[in-house]
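Commentary on secondary and tertiary structure
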Amino acid sequence: MKVTLSVLKADIGSIGGHIVPSKALLDEVKNFVKEKAKDLIIDFYISHTGDDIAILCTHDRGVEDEKIHKLAWDTFLAGTEVAKKQGLYGAGQDLLKDSFSGNIKGMGPAVAEIEFDERPNEPFIFFAADKTDPGCYSLPFYLGFADPMYCSGLILSPKMSDGFTFRIIDVEHTENDKIIDLHSPEEIYDIAALLRDCERYVIESIYARGSGNQAASISTTRLHNIAGKYTGKDDPVALIRVQGEFPATGEILAPFQIGHLVAGFMRGSHNGPLMPCKLNATISYFDGPPVVTGAAFCVNNGKLTEPADVFDHPFWDYVRFQISKKAVDIRQQGFSGPAMLPYSELEYGGIVDKLEKLEKKFTYRD
Ligand code: F6R
Ligand code: MG
Ligand code: MG
């Protein structure tokens, strides 16, 4: 059977700052989807990562389906009403446009979707990150799909020996989608040359070269490119099909042990290590650290199992401990150098005014 996985997520308000949505808000989202989507979707799962709520659903309508996107938009609007009533902080903050016009992409919420012919055993992982941007997935998915140091299947499994194609998008180019397909292993230096720049070039999707089957879909929204000003970090979601011709679950998870430094953290303006956390994680230290959660599922005729929490294991307690040390290390240097993002990526305009004022006060020595 052909099935579509769609995940649509937005920050529509949270308790006590940009920390976690309220129970009433999550309940409203759950009930709204349950009520309104009866004839539209096969199954769904509602979760939050930090202050973001994600609607994961299965259906047979294909990607970028207007009705599915409208359902998510209407759900986020209904949730925003509850957030406003409760006085939640940042109510409706990711809903950047006034009216729905056929596709939720470019309106604020993040979207990742894959349509595929369901295998007899169809496992996948749904990742959600908070306090960071889509470039946070570049290193782990490059390593998980292209580097035998992390993905042993590239040398051990005949099903994976053809490698993978990376579709990379230039997110600075906003008039239309500017994309490039690069093939691993032959073009890994070119892939690395682009993915080096996490703020500009990000992985949009990945395909098995042998079959052409899609393995990955990643949301690539840059909120500041839509709004032209600070509106929160993009907090990306990703769907990764695993096992068989794709990397094993553990191969995809392995690179998250690095806790690599990503853009985001406090005011979306710093670098901090990405911490793999348990499902429904909250946010804390310095509005961070940037977090990623992973829910693994099997899907059968579009019906989802319950989620398995991929980072809920004693091993990841050790990793979280190490990454906490890394977070403290970089925070020790406050605003200095690489601790804070470069000028072009700072999410708050205040510094621009400040520097303009100071510029006028400079004097020139003869
Ligand atoms: C980062 C984030 C937070 C806020 C910070 C200030 O993406 O959402 O770190 O930037 O809490 O928030 P405001 O400007 O809403 O007071
Ligand atoms: Mg937020
Ligand atoms: Mg968020």
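Heads up: these notes are all about the structure in this document. Per chain, residues are indexed from 1 in the order of the written sequence. To label them, take the chains in the order written and letter them from A, then take the ligands in the order written and number them from 1. Residue-level local features of this predicted model are given only where pLDDT is at least 70; pairs of side-chain atoms are given and counted only at 80 or more, and the full residue set underlies all totals for whole chains, interfaces and linings. To obtain the side-chain values, all non-hydrogen atoms of the structure were used and water was disregarded.

Okay, unusual backbone geometry next. A negative phi angle characterises most non-glycine residues, just as the trans form characterises most peptide bonds. Going from Ser184 to Pro185, the amide bond is cis rather than trans, its omega being 15°. Each helix is a run of DSSP H or I of at least 4 residues and each strand a run of E of at least 2, with the numbering of both proceeding from the N terminus. Considering the arrangement of structural elements, one finds Pro185 in the loop between β7 (179-184) and α5 (188-195). That bond from Gly288 to Pro289 is cis: its omega, -10°, falls within 30 degrees of zero. By secondary structure assignment, the location of Pro289 is in the loop between β13 (275-276) and β14 (291-300). The backbone phi angle of Gln243 is positive, close to 75°, even though this residue is not glycine. Considering the arrangement of structural elements, one finds Gln243 in the loop between β10 (237-241) and α7 (249-253).

Turning to the packing of aromatic side chains, a few remarks are in order. Think of it this way: a Phe, Tyr or Trp ring, Trp meaning its six-membered ring, pairs with another when their centres are within 6.5 Å, and the plane angle makes it stacked under 30 degrees, edge-to-face over 60, tilted otherwise. A full pass over the atoms with the stated rule returns 16 aromatic pairs. A centroid spacing of 4.8 Å and a plane angle of 80° characterise the contact between Phe311 and Trp316, whose relative ring orientation is edge-to-face. Residue exposure (1.4 Å probe, protein chains only): buried if accessible area is under 20% of the type maximum, exposed if over 50%, otherwise partly exposed. Given the relative accessible area of 0%, Phe311 is considered buried. A ring pair is formed by Phe315 and Trp316, whose centres lie 5.0 Å apart and whose planes are at 85°; its orientation type is edge-to-face. The partly exposed category is assigned to Phe315, whose relative accessible area is 38%. For Trp316, a relative accessible area of 6% corresponds to the buried category. These aromatic residues form a ring-pair network of at least three members: Phe127, Tyr137, Phe141, Phe256, Phe311, Phe315, Trp316 and Tyr318. The ring of Phe286 is capped by Arg331, whose NZ or CZ atom sits 3.8 Å from the centre of that ring. A ring is scored as having a charge over it whenever the NZ atom of a lysine or the CZ atom of an arginine sits within 6 Å of its centre and within 35 degrees of its normal.

Burial analysis of β10 places 5 of its 5 residues in the buried class, which makes it a mostly covered element. Residues Val237, Leu239 and Arg241 line one face of β10 and the alternating positions Ala238 and Ile240 line the opposite face, and both faces are buried. For two strands to be treated as a pair, DSSP must find no fewer than two bridges joining them. Strand direction decides the pairing type here: strand β5 (residues 123-130) and β10, joined by 5 bridges, are antiparallel. Paired with Phe127 across the bridge in β10 is Ala238. For strand β9 (residues 214-218) and β10, the ladder comprises 3 bridges, and the chain directions are antiparallel. By the bridge assignment, Ser217 is partnered in β10 with Leu239.

For the rest of this paragraph, the subject is the coordination of the magnesium ion (ligand 2). Any nitrogen, oxygen or sulfur atom within 2.8 Å of a metal ion counts as a donor, with the limit raised to 3.2 Å for Na, K and Ca, and since water is left out, coordination shells can look unfinished. Each protein donor to the magnesium ion (ligand 2) is listed here as Asp11 (OD) and Asp51 (OD); together their distances run 2.0 to 2.3 Å. Separating the magnesium ion (ligand 2) and the magnesium ion (ligand 3) is a distance of 3.2 Å, and Asp51 donates to both of them. Placement of Asp11 in the loop between β1 (2-10) and α1 (23-36) and of Asp51 in the loop between β2 (43-49) and β3 (52-59) is noted, with a sequence separation of 40 residues between them. Judged by relative accessible area, Asp11 falls into the buried class, the value being 2%. Classification of Asp51 as buried rests on a relative accessible area of 1%.

Moving on: empty space enclosed by the protein. Cavities and pockets were defined on a 1 Å grid built from protein atoms only: a cavity is a group of points that admits a 1.4 Å probe but offers it no way out, a pocket is an open group of points flanked by protein on both sides within 12 Å along at least five of seven lines, and a lining residue is one with an atom within 4 Å of any such point. Grid points are joined across faces, edges and corners, and a volume is the space filled by probe spheres set on the points. Summed over all chains, the structure comprises 1 cavity of 30 Å³ or more. There is about 40 Å³ of room inside the largest cavity. For the largest cavity, the full set of lining residues is Tyr45, Ser47, His48, Thr49, Phe126, Phe127, Ala128, Leu279, Asn280, Thr293 and Ala295. The dominant element in the lining of the largest cavity, judged by the number of residues it contributes, is β2, at 4 residues. Amino acid classes used here: Ala, Val, Leu, Ile, Met, Phe, Trp, Tyr, Cys and Pro are nonpolar; Asp, Glu, Lys and Arg are charged; the rest, including Gly, are polar. Residues belonging to the lining of the largest cavity are distributed by class as follows: 6 nonpolar, 5 polar and no charged.

Our focus in this paragraph is a nonpolar patch on the surface. A surface patch of nonpolar side chains, about 480 Å² in accessible area, is lined by Tyr343, Ile351, Leu355, Leu358 and Phe362. Assignment of secondary structure puts Ile351 in helix α9 (residues 350-361). Residue classification places Ile351 among the partly exposed positions, given a relative accessible area of 32%. Like-charged residues are merged into a patch within 9 Å and nonpolar side chains (Val, Leu, Ile, Met, Phe, Trp, Tyr) within 5 Å, provided each residue has over 30% relative accessible area and no salt bridge. Surface exposure here means Shrake-Rupley accessible area, sampled with a 1.4 Å probe, where a residue is shielded only by the protein chains that are shown. We count a salt bridge whenever a side-chain nitrogen from Lys or Arg sits within 4 Å of a carboxyl oxygen from Asp or Glu.

Counting residues in each nonpolar core, the largest one holds 50 residues, and the members touching the most others are Phe127, Tyr137, Phe141, Phe145, Phe164, Phe166 and Phe256. If one sorts the elements of this core by residue count, helix α3 (residues 138-146) sits on top with 5 residues. Residue contacts follow a heavy-atom distance rule, with two residues in contact if any of their heavy atoms lie within 4.5 Å. Look past the residues within four positions of Tyr137 in its chain and what remains in contact with it is Phe127, Ala128, Ala129, Tyr142, Ile203, Ile218, Pro236, Val237, Ala238, Phe256 and Val292. Think of a nonpolar core as a cluster: buried Ala, Val, Leu, Ile, Met, Phe, Trp, Tyr and Cys residues, connected wherever their side-chain atoms sit within 4.5 Å. Ranked by size, the runner-up nonpolar core spans 26 residues in total, among them Ala10, Ile46, Ile53 and Phe76.

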